[in-house]
Amino acid sequence: MTPDASIIRLIIGLRQAGITNTDVLSAMERTPRDFFIPPHFQDHAYEDQAVPIGLGQTISQPYIVAYMTDKLQIEKTHTVLEIGTGSGYQAAVLAQLARRVYTIERHKPLLELAEQRFNELKLRNITTLAGDGMKGWPATQQGGQSFDRIIVTASCEGEPPVALLAQLKIGGMMIIPVGAQGQTQNLKLYKKESEEVFGVQNLLPVRFVPLLPDVPRNNSYTQEDLEELTA
Ligand code: SAH
């Protein structure tokens, strides 16, 4: 099947699975998922499943990408922060819908690949950062500005990082999986009503890789780890 035919089949599947937001569906239709998948797994690029991207990480299942994007109700004027760039696929989908996307990844080698993909696809409204997203976007680089929407694509144990809730605008929303590895995690939607008051909704049981603190040291990658990224 040609990539075009595969994308269309994926979109039809998403619609059947209950994603009806046409803006979200067309953003997914315009984003070639095969670009974000390592060569070895190309056959699975348009299947509705998570796929390994190296360093123990995965690109999320398309249904979950569509579902999270839909729940965030993104508008064209919005500034969105993503924690966990991974392959860059979710950021690329968000970039079709929002004014600007800021995305943070703790694994530099993954971020560099994602940056290459954004360049090739001429996605100019994505700003990337290698770092620990649990700390939020560094104030100096964003003028202390806060975000309309925040999406976390790794699961946190216990409460969501306070730095992220703090960087959400009043009226803003954050979607985040909460729960330990090996247990059922809960996809939660936080709505910031005021500086102190948050509405919280439980959306869906999910399985994400863990949200981890700090950044790995550059020399913590083996040659094998790095080869896996493009194999
Ligand atoms: N959104 C991604 C899915 C990535 S999987 C995609 O579309 O492909 C989750 C990613 O979160 C992993 O790459 C992992 O390294 C990253 N991550 C985990 N903890 C993090 C943290 N504290 N800061 C930034 N990235 C983090």
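Being a predicted model, the structure only gives us computed values, none of them experimental.

Caption draft 1: Just unusual backbone geometry, in detail. Of note, the phi angle at leucine 55 is positive, near 55 degrees, even though the residue is not glycine. The phi angle at glutamine 73 is positive, at roughly 45 degrees, despite the residue not being glycine. Mapped onto the elements, glutamine 73 comes out in the loop between helix H3 (62–71) and strand S3 (79–83).

Caption draft 2: Structural context of the sheet that holds strand S5 (residues 126–130). Here seven strands make up an open sheet; going across it, the order is S5-S4-S3-S6-S7-S8-S9 and the pairing mixed. Two strands close off the open sheet at either side, each with one partner strand: S5 and strand S9 (198–206). Within this sheet the neighbouring strands show an average axis-to-axis angle of 15 degrees, counted without direction. Across five bridges, the pairing between S3 and strand S4 (residues 100–105) is parallel.

Caption draft 3: Here's a closer look at the environment of threonine 230. Topologically, threonine 230 is positioned in the segment after helix H8 (223–228). The class for threonine 230 is partly exposed, based on a relative accessible area of 49%. In sequence terms threonine 230 and leucine 111 are 119 residues apart; their C-alpha atoms lie 13 Å from each other. Residues in contact with threonine 230, not counting those within four places in the same chain, are Pro39 and Leu113.

Calculation notes
- Residues numbered from 1 in each chain as written.
- Predicted model: local features only at pLDDT ≥ 70, side-chain atom pairs only at ≥ 80, totals over all residues.
- Heavy atoms only, no water.
- Helix = DSSP H or I, 4+ residues; strand = E, 2+ residues; numbered from the N terminus.
- Pairing = 2+ DSSP bridges.
- Axes fitted to C-alpha atoms, helices over the stretch in contact; angles between N-to-C directions.
- Buried < 20%, exposed > 50% of the residue type's maximum accessible area, 1.4 Å probe, protein only.
- Contact = heavy atoms within 4.5 Å.

Any functional reading would require information beyond the geometric quantities listed.
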